[in-house]
Amino acid sequence: MNLGTRDSSTNTIRDLSRVLVVGKSPINRVVVSKIVERSGLRPISEPPDIAAKTLRTLVPGAIVLDGGPDNKDCDHLMPGIEMLRRTSGKSLPPVILLSTKNGTPESLGLANVVDVVVAKPITPERLQPVIDRLINR
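Residues numbered from 1 in each chain as written. Predicted model: local features only at pLDDT ≥ 70, side-chain atom pairs only at ≥ 80, totals over all residues. Heavy atoms only, no water.

(A) Inspection of the nonpolar core at higher detail. Leu-20, Val-22, Ile-63, Leu-65, Leu-77, Ile-81 and Val-114 are the most contacted members of the largest nonpolar core, which has 21 residues in total. At the level of elements, strand 1 (13–22), helix 2 (48–54), strand 3 (58–66), helix 3 (78–88) and strand 4 (95–99) are the ones that each hand at least two residues to this core. The element that contributes the greatest number of residues to this core is strand 3, accounting for four residues. When near neighbours in sequence (up to four residues on either side) are disregarded, Val-22 contacts Arg-29, Glu-46, Pro-47, Pro-48, Ala-51, Val-64, Leu-65, Asp-66, Cys-74 and Leu-77. Residues Val-19, Val-36, Val-118 and Val-130 belong to the second largest nonpolar core, which totals 17 residues. (Core = buried A, V, L, I, M, F, W, Y, C linked by side-chain atoms within 4.5 Å. Buried < 20%, exposed > 50% of the residue type's maximum accessible area, 1.4 Å probe, protein only. Helix = DSSP H or I, 4+ residues; strand = E, 2+ residues; numbered from the N terminus. Contact = heavy atoms within 4.5 Å.)

Written as structure tokens, this is what we have:
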């Protein structure tokens, strides 16, 4: 699946109030979605395979990726997100990676796709300020 290839008959909607929350764990998606709601935004919670389809028709205000236990759960989305950010000309939408490892986007080899890495465990105190900062930039 290539997120960069958009069907010309499909209109792409840009909605800055939406945050796409992607991860294999439904529990983590619920936790992150509640934190997103605390920021006054509307989460769209989806597993990685459905998220790929969503990104063909919706450009959200931000994307939160749960990397899973090995940081690879959302790898197949990375090329499409990178193309979406490149075509925006401004590295939009901003992307947050929830990671089991401490590090930076550069140290994880994701500088072109990820803006911020937030180490797990996921807490409102860690994640909400990052969401607020990226949405307001």
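(B) Examining the pairing of strand 3 more closely. Burial runs high along strand 3: nine of the nine residues are buried. Note: strand 1 against strand 3, seven bridges, orientation parallel. Directly across from Val-19, in strand 3, lies its bridge partner Ala-62. Pairing of strand 3 with strand 4, which is carried by four bridges, proceeds in the parallel orientation. If you follow Val-64 over to strand 4, its bridge partner there is Ile-96. In this fold, strand 3 hands off to helix 3, which returns the chain to strand 4; that crossover is right-handed. (Pairing = 2+ DSSP bridges. Right-handed = clockwise from strand over helix to strand, strands pointing away.)

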